Amino acid sequence: MRGWALLVLAAALALVPFFSFGALFAPSFHAETARTRAAGRAVAAVPDGVLVEAAGSLAPALSPRTRTLLWDRTPRGAPWVAADVGAGNFPFGSVHRQIARVETLLAQGYRVVFQEAGYMVLTRP
């Protein structure tokens, strides 16, 4: 039994570079890019203590200091929205749907307070 467990562990470790976790070991995975810097600025544009609908890529950075909801296709009327239209985000299924959601927010009176590298922060007056 112990030999079987060691064999499975060895196989799992050998396969890591070929699957998603393999990216963790590539220096480029941890490299700062213009998009990661823009994400930091987008998060900073949201005030502390507010209710915000946030894209999954931004929500972890916002949740310690805001009341954070997942930004999705269901309008929740939060006064702040931290959107990502630069890359596909769950649960939208496509960047086109994310852009359409931002357009709907703008039509409802939200205004853009930050926009860079696909990240947008909107607020409702």
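Counting restarts for each chain, with residues numbered from 1 along the sequence as it is written. Since the coordinates come from a predicted model, pLDDT governs what is reported: local features require at least 70, and pairs of side-chain atoms require 80 or more to be given and counted, while whole-chain, interface and lining totals use all residues. Note: side-chain values were computed over all heavy atoms of the structure, leaving out hydrogens and water.

Participant: In this structure, what is going on with the packing of aromatic side chains? I would like to understand it.
Facilitator: Aromatic pairing here means that ring centres of Phe, Tyr or Trp (its six-membered ring) are within 6.5 Å. Orientation follows from the plane angle: under 30 degrees is stacked, over 60 is edge-to-face, and everything else is tilted. Going through the model one piece at a time under the given rule, you end up with one aromatic pair. Summarising the aromatic geometry, the rings of W71 and F92 are spaced 4.5 Å apart at their centres and angled 45° between planes, so their arrangement reads as tilted. Of the two residues, W71 sits in the loop between β2 (67–70) and β3 (80–84) while F92 sits in the loop between β3 and α5 (95–107), which places them 21 residues apart along the sequence. Accessibility classification places W71 together with F92 in one group, the buried group. Only DSSP runs of H or I with at least four residues qualify as helices, and only runs of E with at least two residues qualify as strands; both kinds are numbered from the N terminus onward. Remark: exposure states derive from per-residue accessible area (1.4 Å probe, protein chains only) relative to the maximum for the residue type, with buried under 20%, exposed over 50%, and partly exposed in between.

Participant: Please explain the pattern of salt bridges as it appears in this structure.
Facilitator: Where charged atoms of side chains with opposite charge meet at close range, the side chains can pair. For this document, the term salt bridge refers to a Lys or Arg side-chain nitrogen within 4 Å of an Asp or Glu carboxyl oxygen. Applying the stated criterion across every chain, the model contains five salt bridges. Among the ionic pairs, E32 bridges to R37, the shortest N-O distance being 3.9 Å. For R37, a relative accessible area of 37% puts it in the partly exposed group. Among the ionic pairs, D72 bridges to R76, the shortest N-O distance being 2.5 Å. For R76, a relative accessible area of 41% gives the class partly exposed.

Participant: Help me understand helix α3 (residues 34–44), please; the structure alone is not making it clear to me.
Facilitator: Residues lying three or four places apart along an α-helix face the same way, a consequence of the helix completing one turn every 3.6 residues. Residues A38, A39, A42 and V43 constitute the buried set of α3. Seen from one end, α3 has its buried residues packed into an arc of 140°, which puts them on one side. On the buried face of α3, the contacting elements are α4 (59–62), β4 (111–116) and β5 (119–123). The directions considered for the arc run from the helix axis to the C-beta atoms. Any pair of residues with heavy atoms lying within 4.5 Å of one another is described as a contacting pair.

Participant: When you look at a nonpolar patch on the surface in this model, what are you seeing that I'm missing?
Facilitator: Exposure above 30% relative accessible area and no salt bridge define the residues that can form patches, which grow by joining like charges within 9 Å and nonpolar side chains of Val, Leu, Ile, Met, Phe, Trp and Tyr within 5 Å. Each accessible area is a Shrake-Rupley estimate made with a 1.4 Å probe; only the visible protein chains count as cover when residues are assessed. Side chains of W4, L7 and V8 sit close together on the surface and give an oily, nonpolar patch of about 340 Å² of accessible area. Mapping V8 onto the fold places it in helix α1 (residues 2–15).

Participant: Please clarify how the sheet that holds β3 should be interpreted in this entry.
Facilitator: Within a sheet, each strand pairs with its neighbour through backbone hydrogen bonds, oriented either parallel or antiparallel. The strand order across the open sheet built from five strands is β2-β1-β3-β5-β4, with neighbouring strands paired in mixed fashion. Each edge of the open sheet carries a strand with a single partner, namely β2 and β4. Each adjacent strand pair in this sheet contributes to an overall mean axis angle of 20°, direction not counted. What makes two strands pair is DSSP finding at least two bridges between them. Angular values range over 0 to 180 degrees, each being the angle between N-to-C directions of two axes fitted as lines to C-alpha atoms, with helices fitted over their stretch in contact.

Participant: How should I be thinking about the environment of I99 in this particular structure?
Facilitator: As for its position among the elements, I99 is in helix α5. On the basis of relative accessibility, which here comes to 36%, the residue I99 falls in the partly exposed class. Spatially, the C-alpha atom of I99 lies 5.9 Å from that of V85, the residues being 14 residues apart in sequence.

Participant: I keep staring at the nonpolar core and nothing clicks. Help me out?
Facilitator: A general feature of soluble globular proteins is that nonpolar side chains tend to end up buried together. In terms of nonpolar packing, the biggest core is built from 16 residues, with V46, V52, L58, L62, A82, Y119 and V121 touching the most fellow members. Breaking this core down by element, the ones donating at least two residues are α3, β1 (51–54), α4, β3 and β5. Broken down by element, this core gets its largest block of residues, four residues, from α3. Apart from the residues lying within four places of it in its own chain, the contact partners of V52 are V46, L62, T66, R67, T68, L69, A78, W80, V81 and A82. Within this scheme, the nonpolar core is defined by two criteria: the residues are buried Ala, Val, Leu, Ile, Met, Phe, Trp, Tyr or Cys, and they are joined through side-chain atoms within 4.5 Å.

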